[in-house]
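Close look at the chain arrangement
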Amino acid sequence: MEIKNIKIKGIPNEEFQDNEYLEKYVEELRANGTNIVLGKLDDLIDWGRSNSLWPLTFATSCCGIEFMSVGAARFDFARFGFEVTRNSPRQADCIVVAGTIVNKMAPILKRLYDQMAEPKYVIAMGSCAISGGPFCKSYHVVNGIDEIIPVDVFVPGCPPKPEALLYGFMQLQRKVKLEKFLGNKKR
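In this report, we go over the structure that sits alongside the text. Values in this document were obtained by computation on a predicted structure and should not be read as measured data. Along each chain, residues carry numbers from 1 onward, in the same order as the chain's sequence is written. Where totals are concerned, whole chains, interfaces and linings use all residues; where local detail is concerned, this predicted model gives features only for residues with pLDDT of at least 70, and gives and counts side-chain atom pairs only at 80 or more. Only heavy atoms go into the side-chain values, all of them from the structure, while hydrogens and water stay out.

Before going further, it helps to spend a moment on the overall build of the protein. Counting secondary structure elements, the protein contains 6 helices and 4 strands. By definition, any uninterrupted DSSP run of H or I lasting at least four residues is a helix, any uninterrupted run of E lasting at least two residues is a strand, and each is numbered from the N terminus. In the protein, the succession of α and β elements from N to C terminus is α-α-β-α-β-α-β-α-β-α. Relative accessibility decides the category of a residue: with a 1.4 Å probe and only protein chains considered, values under 20% of the type maximum give buried, values over 50% give exposed, and everything between is partly exposed. By the burial criterion, 32% of the 187 residues in the protein qualify as buried. Considering only contacts within the protein whose residues lie at least 6 apart along the sequence, 72% involve residues at least 24 apart. For the protein, the accessible surface area stands at approximately 11900 Å², while carbon and sulfur atoms represent 56% of it. Note on contacts: a residue pair is in contact if any heavy atoms of the two residues lie within 4.5 Å. Residue-level accessible areas treat just the shown protein chains as cover; the underlying method is Shrake-Rupley with a 1.4 Å probe.

Our next topic: the packing of aromatic side chains. Stacked, tilted and edge-to-face pairs are distinguished by plane angle, under 30 degrees for stacked and over 60 for edge-to-face with tilted covering the rest, among Phe, Tyr and Trp rings (Trp via its six-membered ring) whose centres lie within 6.5 Å. Tallied over the entire structure, the rule returns 0 aromatic pairs. Here the guanidinium or amino end of Lys-120 rests over the ring plane of Tyr-113, the centre of that ring lying 4.3 Å away. Look at NZ for Lys and CZ for Arg. If either is within 6 Å of the ring centre and within 35 degrees of the ring normal, a charge sits over the ring.

Bringing helix H3 (residues 63-71) into the picture now. Along H3, the positions that sit buried rather than exposed are Cys-63, Gly-64, Phe-67 and Val-70. Projected down its long axis, H3 shows its buried positions confined to an angular sector of 110 degrees, all on one face. Across H3 from its buried face, at more than 90 degrees, point the exposed residues Ile-65 and Met-68. Among the structural elements, strand S1 (55-59), strand S2 (94-98), strand S3 (121-125) and helix H6 (162-177) are those in contact with the buried residues of H3. The arc refers to the directions leading from the helix axis to the C-beta atoms.

For S2, the buried fraction is high: 5 of the 5 residues fall into the buried class. When the strands point away from the viewer, a crossover counts as right-handed if the route from the first strand across the helix to the second turns clockwise. Crossover handedness for the path S1 to H3 to S2: left-handed. Sheet analysis places S2 next to S3, joined by 5 bridges and oriented parallel. When the bridges of S3 are listed, Cys-94 appears paired with Tyr-121. Each pair of strands is called paired provided DSSP finds at least two bridges between the two strands.

Read from one edge of the open sheet, 4 strands run S1-S2-S3-S4, paired in parallel fashion. In the strand order of this sheet, the two ends are held by S1 and strand S4 (153-155), each with one partner. On average, each strand axis in the sheet is tilted by 20 degrees relative to the strand beside it, whichever way the strands run. Helix axes use the C-alpha atoms of the stretch in contact, all axes being lines fitted to C-alpha atoms, and the angles between their N-to-C directions lie in the range 0 to 180 degrees.

If you check which residues of helix H4 (residues 106-115) are buried, you get Ala-106, Leu-109, Leu-112 and Tyr-113. Looking straight down H4, one finds that the buried residues subtend no more than 125 degrees of arc, so they occupy a single side. Lining the buried residues of H4 we find S1, S2 and S3.

Let us look at the pairing of S1. Where S1 lies against S2, 5 bridges are found, and the strand directions are parallel. Within S2, the position partnered with Ala-59 by the bridge is Ala-98.

Moving on: unusual backbone geometry. Following Glu-118, the chain continues to Pro-119 via a peptide bond in cis, the omega torsion being -10 degrees. Within the fold, Pro-119 resides in the loop between H4 and S3. Along the chain, Cys-158 connects to Pro-159 via a cis peptide bond; the corresponding omega equals -20 degrees. Structurally, the position occupied by Pro-159 is in the loop between S4 and H6.

Our focus in this paragraph is the pattern of salt bridges. A side chain of one charge can pair with a side chain of the opposite charge when the charged atoms of the two come close. Counted as salt bridges are all cases of a side-chain nitrogen of Lys or Arg within 4 Å of a carboxyl oxygen of Asp or Glu. The full count for this structure, using the stated rule, is 3 salt bridges. Note that Lys-120 is salt-bridged to Glu-118, the shortest N-O span being 3.7 Å. Across the salt bridge formed by Asp-152 and Lys-175, the nearest N and O atoms sit 2.8 Å from each other. Of the two residues, Asp-152 sits in the loop between helix H5 (127-131) and S4 while Lys-175 sits in helix H6, which places them 23 residues apart along the sequence. Residue classification places Asp-152 among the partly exposed positions, given a relative accessible area of 26%.

Structural data, given as structure tokens:
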């Protein structure tokens, strides 16, 4: 490939080199079974999915107040792509379980999770949702929502600070970015 005399102010002509090294790199990747266009498209889709998570609000106790403060002006989780909180499971792709889940509430939580479209993610917020909290030996409290639905991210605390929930959301974003669009994990 011939390089013509390119004139850009401040960049010497010697810095423009041949693109053969890129072509060799693409051939090497294709030999190992990686399709460049689909790989980049997959990265773009995962970036879009991870930066546009729509959480479903499911707050049953004091952790709900902390979840509300994350959406307020001081912490503002809209900066990270979680702005649109949904009240319908059919429009949400992430459920934030904030607070104590009693045995009467467990079937409702399971039904809401089943109504969410794939791919769906779960954040367990607070010690009550994670392990039953101070009510862990009570007969009426579920000792962790991972007994009912699969949990992707645990945010510990009683109640956890808004910064901890933001960190949990960022961990969920990292998890979504590691998935392929077709459902397999990236290496």
